[in-house]
Amino acid sequence: VLTMSFVEYSDFIQDGDVAIVYLGHESMMPVKVQQGAQTQTRYGVIRHSTDLIGQRYGSKVTCSKGGWVHVLHPTPELWTVTLPHRTQILYTTDIATITMMLELKPGSIVCESG
């Protein structure tokens, strides 16, 4: 489980940090940085001990296959983008309960997003 704080900030990646590996505009992933650990990407392996720990956030990191990624400090926006988004099915009984709890009635205006 990845947990982090947006309150604390550091310029350099440390053991135990959560970093965002930026592979491209549509491809980012959160990584828990741990001494001795590795992360596999389509550009090759990132070794946490040598490639991440001690590097400055925003650095361009070369992977084992010769490709590279950027390692970013997490922000609330990046964190939201990198989390998996799953669909939620609402069944009739769920909808009835939500409608009742919101005190909706004919003529109520409801704004749905998602």
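Structure: above.
In short, a report on the structure. (Residues numbered from 1 in each chain as written. Predicted model: local features only at pLDDT ≥ 70, side-chain atom pairs only at ≥ 80, totals over all residues. Heavy atoms only, no water.)

## As for a nonpolar patch on the surface
Move 1: Together, L90, I95, I98, L102, L104 and V110 line one region of the surface with nonpolar side chains, adding up to about 520 Å² of accessible area.
Move 2: Relative to the assigned elements, I98 resides in helix α3 (residues 92–101). (Patch = residues over 30% accessible without salt bridge, like charges linked within 9 Å, V, L, I, M, F, W, Y side chains within 5 Å. Areas by Shrake-Rupley, 256 points an atom, 1.4 Å probe, with all protein chains shown as cover. Salt bridge = Lys/Arg side-chain N within 4 Å of Asp/Glu carboxyl O. Helix = DSSP H or I, 4+ residues; strand = E, 2+ residues; numbered from the N terminus.)

## What about the pattern of salt bridges?
Move 1: Enumeration over the complete set of coordinates arrives at one salt bridge.
Move 2: Residues D11 and R56 are paired through a salt bridge, measuring 4.0 Å at the closest nitrogen-oxygen approach. One end of the pair, D11, is in the segment before β1 (18–24); the other, R56, is in the loop between α1 (48–52) and β5 (60–62), with 45 residues separating them in the sequence.
Move 3: Overall, the relative accessible area of 38% leaves D11 in the partly exposed class. (Buried < 20%, exposed > 50% of the residue type's maximum accessible area, 1.4 Å probe, protein only.)

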